Amino acid sequence: MASGRSSNGGGRGQRLAIVFGGTVLTVVVAWWLFLDYAYDLADVVGIVFVLLAGVMGARAAARFAAQRFPSYDVAEVAVEGPIRRDGGGGGLPSRGGTPADDIVEQIDRANDDTNANGLLLRLNTPGGEVVPSEDIRLAAERFDGPTIAYATDVCASGGYWIASGCDELFARDASIVGSIGVIGSRVNASELADKVGLSYERLAAGKYKDAGVPLKELDGDERNYLQGIIDGLYDDFVERVVAGRDLDPETVRETEARVYLGEEARELGLVDEIGTREDVEARLAEQLDVSEVSVQEFEPTPPLRRRLNLGARDIAYSFGAGVASVLGGETGDANGFEFRVR
């Protein structure tokens, strides 16, 4: 159990005591105000006021108790959809997933919450960008308490990278798990450019500054240079999995970025247990030494500006981003060349 965190059982009793005491106190005060000093004509109205005041007092006490003594002892954070810094969906129109920085903020907030003794990290993602995946993994790794990753439908590539930062990984029989590999992709639009009369003129300082630009072919040196980056990222991925999952490096490399169904992944050591959500909660209860756990999902609360921006961006992206990504690459990618753990 995480040190310095509160006991959920004691909190329930304290919450009930606060609600009961708040209700009784409110009724007594209301009785004194509305009945002891009321005349005959006001008696009925006074009784109504007493009842209403009792209800309002109970609600106020319940809200205070919930804030002072929360009813949960496990925080749940979800990683849904593609893993990107901004939560976008990549080179095609997509509603995308939760921004990686928001997920990190949720995990850190749970870590700071003295009531959250454990962390349930729910994963349903095909993967995504390398650094955002690493940021989420590090956040899970520094959580002060037991952490269980739960793969629902898909826990591939960047999702598995994240899971390597948790104490255990649960999956379902039909979950798709694995894809321990790195991909680098670029659009080769050189032939299209020739057909429409576009030409590429290089103005750059540094031999490899424009390696991967879509409007020109890769030469052998550029291909080796970019492949070297991918190989380095893959080595990092293998090291994370070996350290986090206690696996042999050769075992990890022999998967060759394949995906596996849950039971086969368990047999290979990629997954600890096959089970349902209830099994995950039972395991957390065992680790926290309680009869059962109460789970609270931590969700991001993006400001209004971001919500409005995301809606407008989805509309604009559907019309223009596809063409822009083919001809000019995407913002943030190295010359149109994108590295993903997917």
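Only a predicted model underlies this, so the values are computations on that prediction, with no experimental measurement involved.

Peer 1: Could you clarify how one ought to interpret the overall build of the protein chain in this entry?
Peer 2: On a plain count of helices and strands, the protein chain comes out with 11 helices and 11 strands. Buried positions account for 42% of the 342 residues belonging to the protein chain. Across the protein chain, contacts joining residues at least 24 apart in sequence account for 75% of those joining residues at least 6 apart.

Peer 1: How should unusual backbone geometry be read in this particular structure?
Peer 2: Apart from glycine, the bulk of residues carry a negative phi angle, and the bulk of peptide bonds sit in the trans form. Although it is not a glycine, Asp 246 sits at a positive phi angle of roughly 55°. Within the secondary structure layout, Asp 246 lies in the loop between helix 7 (220–245) and helix 8 (249–254). What makes Asp 246 exposed here is its relative accessible area of 70%.

Peer 1: Looking at this structure, I do not really get helix 7. What am I missing?
Peer 2: Residues lying three or four places apart along an α-helix face the same way, a consequence of the helix completing one turn every 3.6 residues. Here helix 7 contains 26 residues, and its C-alpha end-to-end distance of 37 Å stays within 8% of the 38 Å for a straight helix at 1.5 Å per residue. Those residues of helix 7 lying buried are Glu 222, Leu 226, Ile 230, Leu 233, Tyr 234, Phe 237, Val 238, Val 241 and Arg 245. The backbone nitrogen of Asp 221 lies 3.2 Å from a side-chain oxygen of the residue at the head of helix 7, namely Asp 219. At the exit of helix 7 stands Asp 246, carrying a positive phi of roughly 55°.

Peer 1: Explain the pairing of strand 1 (residues 74–80) here, please?
Peer 2: Each regular strand carries side chains that alternate between the two faces of the sheet. Of all 7 residues in strand 1, 6 are buried; the element is thus mostly enclosed. By the bridge criterion, 7 bridges tie strand 1 to strand 2 (residues 118–125) in an arrangement that is parallel. Its bridge partner being in strand 2, Val 77 is matched across the sheet by Leu 121. As judged from the 3 bridges shared by strand 1 and strand 10 (residues 295–297), these two strands associate in the parallel manner. Counted as the bridge partner of Ala 75 is Gln 296 from strand 10.

Peer 1: Where do I start with the side chain of Glu 76 in this structure?
Peer 2: With respect to the helices and strands, Glu 76 occurs in strand 1. Separated by 2.7 Å, the side chains of Glu 76 and Arg 277 make a polar contact. The contact partners of Glu 76, leaving out residues within four places of it in the chain, are Leu 120, Arg 122, Arg 277, Val 295, Gln 296, Glu 297 and Phe 298.

Peer 1: Got a minute to help me understand a nonpolar patch on the surface in this structure?
Peer 2: On the surface, Phe 20, Val 24 and Val 28 cluster together to form a nonpolar patch covering roughly 300 Å² of accessible area. Of note, Val 24 is situated in helix 1 (residues 8–36). Judged by its relative accessible area of 38%, Val 24 is partly exposed.

Peer 1: When you look at the confidence of the model for the protein chain in this model, what are you seeing that I'm missing?
Peer 2: The predicted structure's coordinates, where accompanied by low pLDDT, should not be read in detail. Here the protein chain averages 78 in pLDDT, and 70% of its residues register 70 or above. Ranking the elements of the protein chain by mean pLDDT puts helix 11 (residues 304–328) last with 45 and strand 5 (residues 168–171) first with 97. Scored below 50 in pLDDT, residues 89–95 shows 17 contacts in the model against residues more than four places distant or in partner chains. Taken as a whole, residues 315–334 scores under 50 in pLDDT and shows 23 contacts with residues more than four places along the chain or in a different chain.

Peer 1: Just to check I follow, could you spell out the packing of aromatic side chains for this structure?
Peer 2: Each pair of aromatic rings is reported with the distance of its centres and the angle of its planes. Enumeration according to the criterion identifies 2 aromatic pairs in this entry. Ring plane angle 90° and centroid distance 6.0 Å describe the contact between Tyr 72 and Phe 298, whose orientation is recorded as edge-to-face. Placement of Tyr 72 in the loop between helix 2 (43–68) and strand 1 and of Phe 298 in the loop between strand 10 and helix 11 is noted, with a sequence separation of 226 residues between them. Under the relative-accessibility criterion, Tyr 72 is labelled buried at 13%. Looking at Phe 298, the relative accessible area reads 6%, which means it is buried.

Peer 1: Where do I start with the state of the cysteines in this structure?
Peer 2: One way to say it: the disulfide is the covalent bond shared by the sulfur atoms of two cysteines. The full count for this structure, using the stated rule, is 0 disulfides. Considering cysteine sulfurs only, Cys 166 is the nearest to Cys 155, which forms no disulfide, with 9.1 Å between them. For Cys 166, a relative accessible area of 4% puts it in the buried group.

Peer 1: Can you walk me through the nonpolar core in this structure?
Peer 2: Where a protein is soluble and globular, its nonpolar side chains tend to be buried together. Val 79, Ile 107, Leu 121, Leu 123, Ile 136 and Tyr 160 are the most contacted members of the largest nonpolar core, which totals 45 residues. Only strand 1, helix 3 (100–112), strand 2, helix 4 (130–141), strand 4 (147–156), helix 5 (158–163), strand 5 and helix 7 provide two or more residues apiece to this core. Here Leu 123 is in contact with Val 79, Ala 149, Tyr 150, Ala 151, Thr 152, Val 154, Cys 155, Gly 159, Ile 162 and Ala 163, once residues within four sequence places are set aside. Val 74, Leu 120, Tyr 150 and Leu 288 belong to the second-largest nonpolar core, a separate cluster that totals 10 residues.

Peer 1: Sorry, what's going on with the pattern of salt bridges here?
Peer 2: Two side chains of opposite charge can pair, provided their charged atoms sit close to one another. For the structure shown, the criterion picks out 21 salt bridges. Glu 76 is the partner of Arg 277 in a salt bridge, and the nearest nitrogen-oxygen pair spans 2.7 Å. Placement of the pair is Arg 277 in helix 10 (residues 277–288) and Glu 76 in strand 1, with a sequence separation of 201 residues. Glu 76 gets classed as buried once you look at its relative accessible area, which sits at 4%. With a shortest N-O distance of 3.0 Å, Asp 221 and Lys 207 are connected by a salt bridge. Taken as a pair, Asp 221 in helix 7 and Lys 207 in the loop between helix 6 (190–196) and helix 7 lie far apart in primary sequence, 14 residues in all. Judged by its relative accessible area of 52%, Lys 207 is exposed. If you follow the salt bridges from partner to partner, you end up with Glu 76, Glu 80, Arg 122, Arg 277, Glu 281 and Glu 297 in one network.

Cut-offs used in this document
Residues numbered from 1 in each chain as written. Predicted model: local features only at pLDDT ≥ 70, side-chain atom pairs only at ≥ 80, totals over all residues. Heavy atoms only, no water. Helix = DSSP H or I, 4+ residues; strand = E, 2+ residues; numbered from the N terminus. Buried < 20%, exposed > 50% of the residue type's maximum accessible area, 1.4 Å probe, protein only. Contact = heavy atoms within 4.5 Å. Expected span 1.5 Å × (residues − 1). Polar contact = N/O pair within 3.5 Å; in protein donor to acceptor, adjacent residues only side chain to side chain. Pairing = 2+ DSSP bridges. Patch = residues over 30% accessible without salt bridge, like charges linked within 9 Å, V, L, I, M, F, W, Y side chains within 5 Å. Areas by Shrake-Rupley, 256 points an atom, 1.4 Å probe, with all protein chains shown as cover. Salt bridge = Lys/Arg side-chain N within 4 Å of Asp/Glu carboxyl O. pLDDT = per-residue confidence, 0-100. Phe/Tyr/Trp six-rings, centres within 6.5 Å; stacked < 30°, edge-to-face > 60°. Disulfide = S-S within 2.5 Å. Core = buried A, V, L, I, M, F, W, Y, C linked by side-chain atoms within 4.5 Å.

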